[in-house]
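# A look at the structure
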Amino acid sequence: MNATMIRGGLLGVLFLVQLATPAAMLLRQEMVLERGELYRFACAPVDPADVLRGRYVALGFEASSIDVPDGASFRRGETVYVRVTTGDDGYAVLSEPTTAAPEEGAYLRTTVRWGGGNEVRVRIPFDRYYLEESIAPEIERRYRDEVRDGVEAYAEVRILNGRPALEAVYLDGKPLH
Amino acid sequence: MNARRIRWLYGELPGLVERGVLGPEAADAVRGHYGPVPEVSGRRILLVTFGALGALLIGAGIILVLGHNWEDISRATRAALCIGLVLIGQAAAAYAAVRKPESAAWNEGAGGFLPMALLASLALLAQTYHVAGEPSGLLATTIVLSIPVAYLLRSRVAMALCWVLATNWFLLEPWPAEGIRLYLGFGGFVAACAPFLAWTWIRHRDDPRTPLLGWVVGGSLVIAMVRPADVTLAAPLYAGLLATLYGLGSGTRTDSPAWRRPWFAIGAIGLGVTMVVCGFQEAWDHLGSLSGQIDSPSARLIAAMALVLVILPGILGVRALRDGRFGPGLLALTPVIVLAAWVTSTAWAIDPLVPAVAINLWALAAGLAVCVEGARAGNLGTANVGLLLMLAILMTRFFDVDISFLGRGLLFIAMGAGFLGMNVLMLRRRREVRS
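Criteria and cut-off values
- Residues numbered from 1 in each chain as written.
- Chains lettered and ligands numbered in written order.
- Predicted model: local features only at pLDDT ≥ 70, side-chain atom pairs only at ≥ 80, totals over all residues.
- Heavy atoms only, no water.
- Helix = DSSP H or I, 4+ residues; strand = E, 2+ residues; numbered from the N terminus.
- Expected span 1.5 Å × (residues − 1).
- Bend = angle between axes of the 7 residues up to and from the residue.
- Buried < 20%, exposed > 50% of the residue type's maximum accessible area, 1.4 Å probe, protein only.
- Contact = heavy atoms within 4.5 Å.
- pLDDT = per-residue confidence, 0-100.
- Pairing = 2+ DSSP bridges.
- Axes fitted to C-alpha atoms, helices over the stretch in contact; angles between N-to-C directions.
- Buried area = accessible area lost by both parts, 1.4 Å probe.
- Salt bridge = Lys/Arg side-chain N within 4 Å of Asp/Glu carboxyl O.
- Polar contact = N/O pair within 3.5 Å; in protein donor to acceptor, adjacent residues only side chain to side chain.
- Nonpolar A, V, L, I, M, F, W, Y, C, P; charged D, E, K, R; others polar.
- Patch = residues over 30% accessible without salt bridge, like charges linked within 9 Å, V, L, I, M, F, W, Y side chains within 5 Å.
- Areas by Shrake-Rupley, 256 points an atom, 1.4 Å probe, with all protein chains shown as cover.

## Here we look at helix α8 (residues 180-203) of chain B
Residues and elements named next belong to chain B. Over its 24 residues, α8 runs 35 Å from end to end, which matches the ideal 34 Å to within 8%, given 1.5 Å per residue. Residue C193 marks the point of greatest curvature in α8, where the axis turns by about 35 degrees; the proline P195 follows within four residues. Of the residues making up α8, those classed as buried are L182, Y183, F186, F189, C193, F196, L197 and T200. Each element contacted by the buried residues of α8 is listed here: α6 (135-153), α7 (156-172), α9 (209-224), α10 (226-231) and α14 (297-322).

Next up, the structure:
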């Protein structure tokens with residue numbers, strides 16, 4: 001077996017791994033959208049200082065702030081799991097973070113943003129809604145102003161095995177775009 | 001021996017034969033030993049450069065076009081685009097590796113395009129499915145998938161791209177609870193690239209692509225150092241890194257132009273700048289206590305890194321001093337002085353004037369040693385570099401110290417006259433030696 005054959009063989013293996021990476025990401029997301037349980041997450045006003053980065057709308061969620069018992073301590077950046085249930089108002093509620101994945105029910109794998117007293121804030125892993133660049137600034141401005149004025153806004157998210165897939169964002173009952 | 005040196009040698013042979021230094025048979029033997037002069041490589045260099053540049057621009061353009069986030073493209077079409085992009089890049093790489101293994105233009109072009117195609121594909125997927133998270137995640141995946149491309153295509157462009165992406169990843173990655181993973185990640189990346197860099201340096205030192213890769217690697221390391229320097233030990237870290245680059249780069253031939261000695265150039269210039277900056281009192285003010293500076297696992301890891309970066313060039317510096325090369329020796333030992341200044345400032349809170357004066361004196365001594373060695377060797381460039389370092393130190397101190405404009409003006413004139421005088425003397429001496 002000469003050097004060219006060995007090189008060709010190694011390239012072949014590398015190409016398979018390279019193709020498998022985006023393919024796996026694609027299949028995973030499609031599976032969540034296909035089979036994941038649907039939850040509605042109520043949107044919170046976005047800090048106006050969070051201007052549009054790139055071409056997406058930055059989303060904020062009320063559920064990211066979780067009440068925890070006094071004395072519970074979480075480090076910034078710590079990986080945690082939060083169970084997702086639906087509250088009486090129809091919106092998703094996140095439970096107290098744990099360090100192990102729950103054995104049943106929907107949950108999200110995320111990281112702690114901030115913890116203090118009896119509150120902890122977790123990163124919501126679907127806080128960006130990508131749009132075509134020509135329309136994104138206008139939609140972002142409308143979203144930010146109307147949510148701040150109390151207009152109802154929520155994101156529909158499917159969750160499967162701790163992985164979320166953002167399906168759509170609604171503002172005043174209508175899709176954002 | 002590369003084409004340029006062979007051509008020079010052949011140009012010298014007739015004159016040497018005429019002056020009786022070599023006999024005609026010896027001159028023929030030399031020609032027989034080195035053979036015909038290799039074909040002019042200028043056209044090849046251009047081909048390789050334009051090929052690589054074209055591939056990089058096309059890759060970057062694709063990323064930007066996809067970034068527009070076309071509304072009318074369905075998810076299925078986007079999925080096909082993702083996979084299709086990667087397949088096109090892989091087809092180019094396969095063609096280069098199997099059908100054109102000796103073509104630098106093809107291998108560098110494919111090596112530049114495939115990583116960009118991978119990054120574009122992952123970015124398109126993230127955009128399609130609104131995947132949140134920092135861009136550092138996409139960069140990390142692209143780097144891991146692209147390092148083997150550099151090895152298999154022997155592509156310096158692919159390796160340079162990996163370094164650019166890795167530096168961006170290192171700087172963009174949000175600070176996790178345990179910063180050690182970040183440094184281990186970058187350290188792992190450096191270790192993965194080390195065999196390629198060593199191979200390039202040892203086997204292809206004369207290839208013009210090698211120094212270009214050296215510039216990218218050296219520049220990336222200096223830029224990446226911003227992150228740990230922000231935590232603690234900024235001055236010793238920079239001095240250590242630059243002295244290490246200087247020491248490693250000193251192994252290159254001294255008759256090569258500066259662009260062919262990237263680590264030597266980055267290290268020498270960087271050390272000069274570091275000494276000038278550390279010569280200010282303000283650099284040693286408000287450093288805080290030693291225990292406060294090294295109070296977390298990541299800070300302790302950074303301190304260990306700083307120690308290694310001080311010891312490595314220190315060993316080279318001591319060796320140089322023992323061999324009588326005072327200029328390179330003092331430059332390579334600069335991190336030792338800077339670290340000593342930093343430790344005494346933080347451990348004992350001494351007057352900031354003390355370390356500043358020590359660094360200034362050290363810089364003047366190093367500059368003088370480099371200047372004298374350059375003058376003795378008849379190397380105008382080296383002598384001027386030493387003189388420039390001394391001038392930089394003196395000029396910055398003039399603006400620190402309260403003396404009149406007249407005094408400053410006269411001193412500047414004296415320094416300029418000294419600079420010109422030394423150059424005129426050396427040029428005259430060189431002409432005498434030649435004639």
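## Things to note about the confidence of the model for chain B
Looking at chain B, pLDDT values average 85 and 92% of them are 70 or higher. Overall fold confidence (pTM) sits at 0.81, and the ipTM for the predicted complex is 0.78.

## Things to note about the sheet that holds strand β10 (residues 153-160) of chain A
Residue and element names in this part refer to chain A. With respect to topology, five strands assemble into an open sheet ordered β3-β1-β10-β11-β12, the strand pairing being antiparallel. Edge strands, defined here as strands with exactly one partner in the open sheet, are β3 (60-61) and β12 (174-175). Across two bridges, strand β11 (residues 163-171) lies against β12 in antiparallel orientation. Within the sheet, the bridge partner assigned to L171 lies in β12 and is K174. Of the strands in this sheet, β1 (37-44), β10 and β11 are in contact with helix α1 (residues 3-35), which crosses β11 at around 60 degrees.

## Some words on the interface of chain B and chain A
If you look at the interface, chain B gives 39 residues, while chain A gives 33 residues. Here chain B and chain A share an interface that buries about 3300 Å² over both sides, 63% of which is from carbon and sulfur atoms. B:R75 is the salt-bridge partner of A:E30, the closest N and O atoms lying 3.0 Å from each other. At the boundary of chain B and chain A, one finds seven residue pairs in polar contact (both at pLDDT 80 or more). Those elements that place two or more of their residues in the side of chain B that touches chain A are α4 (75-98), α5 (104-128) and α6 of chain B. With nine residues, α4(B) is the largest single contributor of residues to the side of chain B that touches chain A. Split by residue class, the side of chain B that touches chain A holds 25 nonpolar, nine polar and five charged.

## Comments concerning the pairing of β10(A)
All names here are of chain A. Taken across its eight residues, β10 has seven buried, putting it largely inside the fold. Note that β1 and β10 share six bridges and pair antiparallel. What sits directly across from Y39, in β10, is V157. Bridge count for β10 against β11 is eight bridges, and the pairing is antiparallel. Bridge pairing in β11 links L160 to R163. Between β10 and β11, which pair antiparallel and follow one another directly, the connecting turn spans two residues, one of which, N161, has a positive phi of 55 degrees.

## What about a nonpolar patch on the surface?
On the surface, a cluster of nonpolar side chains totalling about 430 Å² of accessible area is made up of B:L46, B:F50, B:L53 and B:L57. Considering the arrangement of structural elements, one finds B:F50 in helix α3 (residues 42-67).

## A look at the sheet that holds strand β8 (residues 119-122) of chain A
Residue and element names in this part refer to chain A. Spatially, the five strands line up as an open sheet ordered β4-β8-β7-β5-β6, and their pairing is antiparallel. Two strands in the sheet have a free side with no partner beyond their single neighbour: β4 (65-67) and β6 (92-94). On average, each strand axis in the sheet is tilted by 45 degrees relative to the strand beside it, whichever way the strands run. Summarising the sheet, β4 and β8 pair through three bridges and their orientation is antiparallel. Looking across to β8, one finds that S65 is bridged to R121.

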